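As a plain string of letters, each chain reads:
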Protein chains: 2
Amino acid sequence: MQLKTLCSTCSLRELCLPVGLNPEEITQLDAVVRQSRRIKRGEYLFRAGEAFTSLFAIRIGFFKTVIASQDGRDQVTGFSMSGELIGLDGISSGLHTCDAVALEDSEVCELPFDRMEDLTQEIPSLQTHFYRLMSREIVRDQGVMLLLGNMKSEERIAAFLLNLSQRLQKRGFAATDFILRMSREEIGSYLGLKLETVSRNLSKFHQSGLIAVDHKHIRINDIQKLKDMVSGCSHQAH
Amino acid sequence: MQLKTLCSTCSLRELCLPVGLNPEEITQLDAVVRQSRRIKRGEYLFRAGEAFTSLFAIRIGFFKTVIASQDGRDQVTGFSMSGELIGLDGISSGLHTCDAVALEDSEVCELPFDRMEDLTQEIPSLQTHFYRLMSREIVRDQGVMLLLGNMKSEERIAAFLLNLSQRLQKRGFAATDFILRMSREEIGSYLGLKLETVSRNLSKFHQSGLIAVDHKHIRINDIQKLKDMVSGCSHQAH
DNA sequence: CGAGACGTTGAATGCTTTCAACTGATGTGG
DNA sequence: CCACATCAGTTGAAAGCATTCAACGTCTCG
């Protein structure tokens, strides 16, 4: 029998929903969180058009979210890692507006939204936290808009690597040495570039010594220079 | 003496925050909303970096929100019209992350956020509505991301005009005949294009008979064709 | 009325894309 | 376990689209 995963004992509690809650409140949150669910690489957590009933907190793994358009064009709207919440877009209409796909074997905690709503009614600090969380998502999206609207390909790639680096570091991983979980094409889709442009820029960075690229393995040699490249942009760590 | 503006008697109550509230709840909302405030064209409602204390509902007028980056590049992240809420991005950190500038003489209702939080604690349906509202903003931003990441200049302009048209219609204005409140440069900034590109595309649409452009006055002649141009995109009316 | 902001249009430039060829990795089935 | 087919990634060359630079027209407002 699998033990139910509890927020109170979860190593992500300083990063995930429980941030700022007292022990008693976390126990209440535990009562709402469903037993965690495993999603294999390539599987969908949810699909655009499906009824929205739950948010998902990523315990382990890595996801992409994708908006599909009718004519086949689609776009990666974000990459999510442990401690992050996905599904917020579904609250609006009661339907998911994007697909969520696991990019590696993952594990998520399901948060039934109706129960979350009740709980935020009971725990004001959780409501506050939840508002902040949604607002942060808005701010993040606006950062991406700035990137897509203003930046050259080189700057986009730099911003992307930097953002990844910072988020990994926050989770206790190395900031300058990591594995990309997504393909060049997925990076390109997220950054509004073609996969060849992503590849070319990574090669260029590699040749200049800024980073070392070996397939999906990235090592950042000069993180300051990377920061300088995106200097002007009010780039927000997620 | 100016009468305090009340949600209960406001013509926007079907569009704005009170949507879905019963009369009694609207009265509670009235108690929170501050006397409405006039903002002249060109004036700032708030600036990036200022402390966030209130959300603003637009009663009359038109605003742009702008993210500024250090190196002078900045980007319009949205245009807001009556019945829409601005300032949601500030909840996250307690600081506004963008500037809000009136593009015509406007009037806004100030909603002190701490009082809004209390009220959403008291009125569950308002909390639900508020979550939906924030989620809608996330969905909207993702639509813009799709636009910026995937669409050609021509399609962006078409999507922009269509979106404007639909929002105006919802407010009882003509869908095919309206005045642009923003400059070509502001349109371009929002769409990730230069002002010349915006101008060229409008001229092209004009010459093809799709629309009629006379300075800021736009008439849409073939709205279906405009829709076809953005066909593929999961474009959301705001 | 004049100055400055806004808008239009043309021509040249440049960045990203597209098309194409090739290499290396992955994984499946004989 | 290897062969082969497929997918992911790299790189080059040509093409395309938006940008840049520039000139000019027009509207607005003090």
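What counts and how
- Residues numbered from 1 in each chain as written.
- Chains lettered and ligands numbered in written order.
- Predicted model: local features only at pLDDT ≥ 70, side-chain atom pairs only at ≥ 80, totals over all residues.
- Heavy atoms only, no water.
- Helix = DSSP H or I, 4+ residues; strand = E, 2+ residues; numbered from the N terminus.
- Rg over C-alpha atoms; globule rule 2.2 N^0.38 Å.
- Buried < 20%, exposed > 50% of the residue type's maximum accessible area, 1.4 Å probe, protein only.
- Contact = heavy atoms within 4.5 Å.
- Lys, Arg positive; Asp, Glu negative; His and termini not counted.
- Charge placed at Lys NZ, Arg CZ, Asp CG, Glu CD.
- Buried area = accessible area lost by both parts, 1.4 Å probe.
- Salt bridge = Lys/Arg side-chain N within 4 Å of Asp/Glu carboxyl O.
- Polar contact = N/O pair within 3.5 Å; in protein donor to acceptor, adjacent residues only side chain to side chain.
- Pairing = 2+ DSSP bridges.
- Axes fitted to C-alpha atoms, helices over the stretch in contact; angles between N-to-C directions.
- Least-squares fit on C-alpha atoms with pLDDT ≥ 70 in both.
- Near = heavy atom within 4 Å.
- Nonpolar A, V, L, I, M, F, W, Y, C, P; charged D, E, K, R; others polar.
- UniProt positions renumbered as here; feature names shortened; annotations may be inferred.

Caption draft 1: Examining the overall build of chain A more closely. Looking only at helices and strands, chain A features seven helices and 11 strands. For chain A, whose C-alpha radius of gyration is 18 Å, the value lies close to the compact-globule estimate of 18 Å for 238 residues. For chain A, the C-alpha atoms occupy an extent of roughly 55 × 40 × 35 Å along the three principal directions. Classification of the 238 residues of chain A by burial places 56% in the buried group. For chain A, restricting intrachain contacts to residue pairs at least 6 apart in sequence, the fraction spanning at least 24 positions comes to 74%. For chain A, the distance from the average site of its 29 positive side-chain charges to the average site of its 30 negative ones is 5 Å.

Caption draft 2: Spotlight on the interface of chain A and chain B. Listed as interface residues are 47 residues of chain A and, on the opposing side, 47 residues of chain B. For the pair chain A and chain B, the summed buried area comes to about 4,400 Å², and 54% of that belongs to carbon and sulfur atoms. Interface area lost by chain A to chain B is led by Arg73(A), Tyr131(A) and Met145(A), which between them contribute 17%. Here chain A and chain B share zero salt bridges between them. Between chain A and chain B we count 20 residue pairs in polar contact (both at pLDDT 80 or more) in total. Those elements giving two or more residues to the side of chain A that touches chain B turn out to be strand S4 (62–68), strand S5 (74–81), helix H2 (113–122) and helix H3 (124–150) of chain A. Counting residues per element, the side of chain A that touches chain B draws most heavily on H3(A), which supplies 20 residues.

Caption draft 3: Spatial organisation of the pairing of strand S3 (residues 54–60) of chain A. Residues and elements named next belong to chain A. Of all seven residues that make up S3, five are buried, and the element is covered over most of its length. Relative to strand S8 (residues 106–112), S3 is paired through six bridges, and the arrangement is antiparallel. Along S8, the bridge assignment pairs isoleucine 60 with glutamate 107. By the bridge criterion, two bridges tie S3 to strand S6 (residues 85–86) in an arrangement that is antiparallel. By the bridge assignment, alanine 57 is partnered in S6 with leucine 85.

Caption draft 4: Seen up close, unusual backbone geometry. Residues and elements named next belong to chain A. Although it is not a glycine, histidine 215 adopts a positive phi angle of roughly 55°. Along the chain, the position of histidine 215 falls in the loop between strand S10 (211–214) and strand S11 (217–220). Looking at histidine 215, the relative accessible area reads 62%, which means it is exposed.

Caption draft 5: Quick peek at H2(A). Within the sequence span of H2(A), burial applies to Phe113(A), Met116(A), Glu117(A), Leu119(A), Thr120(A) and Gln121(A). Where H2(A) is buried, its residues contact helix H1 (23–32), S3, S8 and H3 of chain A together with helix H2 (113–122) and helix H3 (124–150) of chain B.

Caption draft 6: Region of interest: the sheet that holds S4(A). Residues and elements named next belong to chain A. Strand order across the open sheet formed by four strands is S2-S7-S4-S5, with antiparallel pairing between neighbours. Single-partner strands in this sheet number two, and they are strand S2 (44–46) and S5. Along the sheet, successive strands turn relative to each other by an average axial angle of 30°, direction set aside. When S2 meets strand S7 (residues 99–102), the two strands line up antiparallel, connected through two bridges. Among the inter-strand pairings, phenylalanine 46 is bridged to a residue of S7, identified as alanine 100.

Caption draft 7: Structural detail: the pairing of strand S7 (residues 99–102) of chain B. All names here are of chain B. Residues Asp99 and Val101 line one face of S7 and the alternating positions Ala100 and Ala102 line the opposite face, and both faces are buried. Strand direction decides the pairing type here: strand S4 (residues 62–68) and S7, joined by four bridges, are antiparallel. In the strand pairing of S7, valine 66 is matched with aspartate 99.

Caption draft 8: Region of the structure containing the relation of the copies chain A and chain B. Of the transformation superimposing chain A on chain B, the axial component is 0.0 Å and the angular component is 180°, with the fit at an RMSD of 0.0 Å. In the structure described here, the two chain copies are related by an operation that fits a two-fold rotation axis. Interface overlap between copies is the fraction of interface residues in one copy that are interface residues in the other; for chain A against chain B it reaches 100%, indicating a shared surface.

Caption draft 9: Representation of the protein's contact with DNA strand C in the model. Around DNA strand C sit 17 residues, and of these Ser153(A), Thr197(A), Arg200(A), Ser199(B) and Ser203(B) come closest. Sugar plus phosphate: this is where 65% of the atoms of DNA strand C within 4 Å of the protein reside. Here Arg200(B) contributes a side-chain N or O atom positioned 2.9 Å from a base nitrogen of DNA strand C. Class assignment for the residues of the surface near DNA strand C results in two nonpolar, seven polar and eight charged.

Caption draft 10: Spatial organisation of the UniProt feature "domain: HTH crp-type" (unreviewed entry) in chain A. In the numbering used here, UniProt assigns the "domain: HTH crp-type" (unreviewed entry) feature to residues 151–224 of chain A. Helix makes up 55% of residues 151–224 of chain A and strand 15%, and the two end C-alpha atoms of the span are 18 Å apart.

Caption draft 11: Just the sheet that holds strand S3 (residues 54–60) of chain B, in detail. The four strands lie next to each other as S1-S8-S3-S6 (chain B), forming an open sheet whose pairing is antiparallel. Edge positions in the open sheet fall to strand S1 (37–39) and strand S6 (85–86) of chain B, since each of these has one partner strand only.

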